[in-house]
Structure formats: C-alpha cells, structure tokens
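# Residue-level structure breakdown
Residue-level listing of the chains:
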Amino acid sequence: MSAYRTGDPLDRRRFLTAAALRGATVIGMGALSTGALSAGALGTGVIGATALGAVDADAAFAAPIRSLDPAVAESAFAEGRITAINQDVLEVAGSYGDHSRVRVTNATSVWKARATTAADIETGDGLYARGLPLPDGTLAADAVWVNIVNLHATIRGIEKTRLHLAHGQHEIVGNLMAQTTSASYGDASPTADLSRLTIGQSAQVLGAWRPSDGSVDLVRVAVAPGAGRRR
C-alpha cells in the first residue's frame, strides 16, 4: 500500500504537480456508488472529516494537525491514479509503482475544484487522500482531494475564459471559472478581480487537473507582492 505518514508538504506538491503534467488519457468513466461501509471498517471507529485537520484545498499541502485525542492515530496519506472503483473502495495506482486502496464514507470530505461528493469521483482521476490505515490494509479517508495541483508558473497569455501558463517546459491551459476562480495579489486577501493579472507575471496556481484534456480548472492564482499594481 502506498499510504504514508505525514511528510514534507513540498514532496506532496511535487507528485501532485507531476500528475497534472503527465497528460495521460482518462482510463475510463465510473461514478462512485453509495454502498454502505463494511462492518469491518465500522469496527475500527472511522473518524469524521475534520478530526485530522482542515479539508479545504490548501490543507492538502499543509502539515496536518496532530489530534489531541489519543484514540485518533496519526494521519496517513495515499496518492496516485484511480484505476477502479469498487463500491466504497478506490483502487489507486501510486506514482512510484505501488498500489493502495482508499475507502470513502459518508463522512469523507471530497474536493474536486470545489467541495463536492464522492459521486463526482471517476476512474482515471488523480487522487490525494488523508485518513487512517485500517487492519485490512485500506486507508479510511477523512479527506480526498481529486486532481488537485499546486504549481509555480508564468502567465504567457490571457483570454476571457482561460490563462495560458508555462511551467518549466510544459504549456498549460488554465480554465477561468465564474464564481470560483480568484486572484491573490501579494499579501492581500483573494479577490474575484482578475483584471490585474498580466502577461509575464510569475504565479502560484492552485486548481484541479482535467484528465480528459490536460488543462487545469483554476481555483486561485497568486502573484508576488507588488505584482498587479495599477500604474
């Protein structure tokens, strides 16, 4: 199993970024069923969605908070590409040739460019999950981030509904989403005003990769302090 204990958030950012840049085709489509949690999992005391830390997009890259409850074990993580969905268990092929099984429940928080439900998880999606290891080898997930990416890029082009980004040797199309995409200028709070984004700016991009075409749905575009000032 590829579940691992808490580690350097930069390591997580590296493999999540790599997943977005692989450009692999969607393996298939399959919605997650709402099958009941097995008796074995119930017997382990599966925890609620906030017991191991925050569940928003930024929490995927933050150091998890250690629980003050001695009954709650240290959180573990799993990552990779979803190859199959068997009722409430996701079969995941890890980035380094390993394999993990991630169990989702009604208490699992799911993020896929926004807070959503397990019904939006599909075969072929990239997954990053946080939870507790169970005796049967599965990871009982309290939070799952689907196709999440967090990368540094340069803005190369701006259109009404998308940004053209360069990340190293990779060209990435960033989809601007009404009511969702925000910009952060320096230390200011995120805003829906994207008018101060300019070509040539360096930006940190948080969003959700689309396996079907390799583009990224942009949740937040953060530019450095001093950038985006009107002259």
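Predicted model, so just to flag it, every value in this text is computed and none were measured.

## Concerning the overall build of the chain
Scanning the chain from terminus to terminus reveals two helices and 14 strands. When each of the 231 residues of the chain is scored for burial, the buried share is 47%. The long-range share in the chain, meaning contacts at least 24 apart out of those at least 6 apart in sequence, stands at 65%. Just so you have it, the chain exposes about 11,200 Å², and 52% of that area is on carbon and sulfur atoms.

## Here's the deal with the nonpolar core
Grouped together as the largest cluster of nonpolar side chains are 18 residues, with contacts concentrated most on Leu-151, Leu-163, Leu-165, Leu-197, Leu-218 and Val-221. Non-local contacts of Leu-165, meaning those with residues more than four positions away in its chain, are made with Ala-153, Thr-154, Ile-155, Arg-156, His-170, Glu-171, Ile-172, Val-205 and Leu-218. Core analysis: the next-biggest nonpolar cluster, separate from the first, contains 17 residues, Ala-76, Ile-85, Val-102 and Ala-141 among them.

## As for the confidence of the model for the chain
Per-residue confidence for the chain averages 74 on the pLDDT scale, and 66% of its residues sit at or above 70. Considering only residues more than four positions removed or in separate chains, one finds that residues 1-15, a stretch of pLDDT under 50, has 50 contacts. Segment residues 17-52: pLDDT under 50, and 81 contacts once partners within four positions in sequence are set aside and those in other chains are kept.

## Digging into the packing of aromatic side chains
In total, this model carries two aromatic pairs according to the counting rule given. Between Phe-77 and Tyr-128, the aromatic rings sit 5.4 Å apart at their centres with planes inclined by 5°, giving stacked as the arrangement. On the criterion of sequence distance, the pair formed by Phe-77 in strand β2 (residues 76-86) and Tyr-128 in strand β7 (residues 126-133) is long-range, its members being 51 residues apart. Taken as a pair, Phe-77 and Tyr-128 share a single burial class, namely buried. An aromatic cluster of at least three residues, connected via ring pairs, comprises Phe-77, Tyr-128 and Trp-145. If you follow Arg-196 out to its NZ or CZ, it ends over the ring of Tyr-185, 4.0 Å from the centre.

## Section: the pattern of salt bridges
One pass over the full model with this rule turns up 10 salt bridges. Taking the shortest distance from any N to any O, the salt bridge between Arg-103 and Asp-88 comes out at 3.3 Å. Here the residue Arg-103 occupies a position in strand β4 (residues 99-103), and Asp-88 occupies one in the loop between β2 and β3 (89-93), the gap between them amounting to 15 residues. For Arg-103, a relative accessible area of 7% corresponds to the buried category. For Lys-112, the salt bridge identified is with Asp-125, shortest N-O distance 3.0 Å. Here Lys-112, found in the loop between β5 (109-111) and β6 (115-116), pairs with Asp-125, found in the loop between β6 and β7; they are 13 residues apart in sequence, far enough to count as distant. Residue Asp-125 is classed as buried on the basis of its relative accessible area of 2%. The structure contains a network of salt bridges with shared partners spanning Asp-88, Arg-103 and Asp-136.

Rules of the game
- Residues numbered from 1 in each chain as written.
- Predicted model: local features only at pLDDT ≥ 70, side-chain atom pairs only at ≥ 80, totals over all residues.
- Heavy atoms only, no water.
- Helix = DSSP H or I, 4+ residues; strand = E, 2+ residues; numbered from the N terminus.
- Buried < 20%, exposed > 50% of the residue type's maximum accessible area, 1.4 Å probe, protein only.
- Contact = heavy atoms within 4.5 Å.
- Areas by Shrake-Rupley, 256 points an atom, 1.4 Å probe, with all protein chains shown as cover.
- Core = buried A, V, L, I, M, F, W, Y, C linked by side-chain atoms within 4.5 Å.
- pLDDT = per-residue confidence, 0-100.
- Phe/Tyr/Trp six-rings, centres within 6.5 Å; stacked < 30°, edge-to-face > 60°.
- Lys NZ or Arg CZ within 6 Å of the ring centre and 35° of its normal.
- Salt bridge = Lys/Arg side-chain N within 4 Å of Asp/Glu carboxyl O.

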